[in-house]
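What follows is the residue order along each chain.
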Amino acid sequence: MRNITRFFWFCSGAHIDTLKKYPIEHNKYVGIGATIFFTALFATLSGGYAMYFVFSGDAFAVGFAILFGLIWGLAIFNMDRYIVSSINKRGTINQQIMQASPRILLAIMIGLVISRPLELKIFDKEIRAKLRTSYLHGQKSKIDTLQLAYNKKYSQELGKTGDLKHERDSLTKDINRSRFQLNQEVFGDKSNQTSGIVGYGTYAKQKQAVLQEKQDRLKVVQDELDKSDNFLNQRKNLDGLNNVVLFSDHQLDSLSNVAGFADRNWALGQLAFRPDGTRDIDTWLAESFIGYLFILFECLPVFVKLMSPKGPYDEAVSRIEDANLHFAERDKEHEITVTDQNFDHRLKTDIDKRRKIITDQADYDLGKHRFD
């Protein structure tokens, strides 16, 4: 239990040797340290989950996710620890709030960053359904675009094919009607189109000739239609239209499983809107509350530090800081004094050396002059 307490003290950024002297402050800094630790833990899970989708499909995806998650968690832990430990209790409440404002903004940004990947995991099923719909609509749009370009490019051929199909259908109906009338003529069925005479007579031969003419024309039309269809099918293959089909359920599942972070993040944003474009308040509130929860969790240590009254530990830390500042100032003065004394000593030594050189030179010149 003691080791856990010391660990949370370390997480809070407190000066442990000073904090141990004031038992009344122990629980407060255990709570602050625990909050920072669990925030870093959530950040580790969040960063690892996000990186898993970045390397999704790679054999080392899990290893990269674990490594990045640990690095990201340690980075968040270090920033949170610095944010809390850098807030002191000196000055008025307004001064403390102004001092903490940049740190609160940084904490809000950290909360937003670590909450997003976890939101992706929480809404995983809804995101997969949205991705399936998106991929299906995208494939339909692609097919429609290719079909529109194909129809525009081969409009003349398609128009000719349509005319041939219309003529084929018309001829087929006429042939069926003419064959029926021929049978009536041969079997002697009286109507406004038949003579009513049984046998294969003159009228039957005329009707047979008309029928044969229509059948010959139908054969020609069908041959031209087959050639046109073959040409258009070849064009479809070359343009890739025949190779594009709607995704099956299995393909949609596979695509949604390997979707990257950007696609999943887009799908999460789209969950807050209905198909008609209006906002889905329930889903939007659910996403927002999760984000607000992590922002509050991230800012909580800063708020606890600001709201807590100035305690003996804060007073002791202030005294230590003053003592350290005073020591640093005195140490600076000591260094300046030592430097000045060293410089003065070097200056005096240099002056004495130069004076001796000049004196010796003068004595030498004087002695030489006398000798001369």
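Before any of the text, the structure's been laid out above.
Conventions used here
Residues numbered from 1 in each chain as written. Predicted model: local features only at pLDDT ≥ 70, side-chain atom pairs only at ≥ 80, totals over all residues. Heavy atoms only, no water. Helix = DSSP H or I, 4+ residues; strand = E, 2+ residues; numbered from the N terminus. Expected span 1.5 Å × (residues − 1). Buried < 20%, exposed > 50% of the residue type's maximum accessible area, 1.4 Å probe, protein only. Contact = heavy atoms within 4.5 Å. Core = buried A, V, L, I, M, F, W, Y, C linked by side-chain atoms within 4.5 Å. Patch = residues over 30% accessible without salt bridge, like charges linked within 9 Å, V, L, I, M, F, W, Y side chains within 5 Å. Areas by Shrake-Rupley, 256 points an atom, 1.4 Å probe, with all protein chains shown as cover. Salt bridge = Lys/Arg side-chain N within 4 Å of Asp/Glu carboxyl O. Axes fitted to C-alpha atoms, helices over the stretch in contact; angles between N-to-C directions. Parallel < 35°, antiparallel > 145°, perpendicular 65-115°, else oblique. Left-handed = near helix turned anticlockwise from the far one by under 90°.

## Some remarks on helix α4 (residues 61–85)
Spanning 25 residues, α4 covers 36 Å between terminal C-alpha atoms, matching the ideal 36 Å at 1.5 Å per step. Residues of α4 that are buried: Ala 61, Ala 65, Gly 69, Gly 73, Ile 76, Phe 77, Asp 80, Ile 83 and Val 84. The secondary structure elements touched by the buried residues of α4 are α1 (2–12), α3 (26–54), α5 (93–122) and α11 (281–307).

## Re the nonpolar core
Grouped together as the largest cluster of nonpolar side chains are 28 residues, with contacts concentrated most on Ile 127 and Val 302. Elements supplying a minimum of two residues to this core: α3, α4, α5, α6 (124–153), α10 (261–270) and α11. With seven residues, α5 is the single largest residue contributor to this core. Non-local contacts of Val 302, meaning those with residues more than four positions away in its chain, are made with Ile 83, Val 84, Ile 87, Ala 100 and Ile 104.

## Some remarks on the environment of Lys 28
Of note, Lys 28 is situated in helix α3. Between the C-alpha atoms of Lys 28 and Ser 12, which are 16 residues apart in sequence, the distance is 9.6 Å. Lys 28 has contacts with Ser 308, Pro 309 and Asp 314, leaving out every residue within four places of it along the chain.

## Description of a nonpolar patch on the surface
On the surface, Phe 38, Leu 41, Phe 42 and Leu 45 cluster together into a nonpolar patch covering about 350 Å² of accessible area. Looking at the secondary structure, you find Phe 42 in helix α3.

## Thoughts on the packing of α4 against α11
One way to put it is that α4 packs onto α11 with a least axis distance of 9 Å and a crossing angle of 20°. Considering their axes alone, α4 and α11 lie roughly parallel with respect to each other. In terms of crossing hand, the pair formed by α4 and α11 is right-handed. On α11, the residues that touch Ile 76, Asp 80, Ile 83 and Val 84 of α4 are Glu 298, Pro 301, Val 302 and Lys 305.

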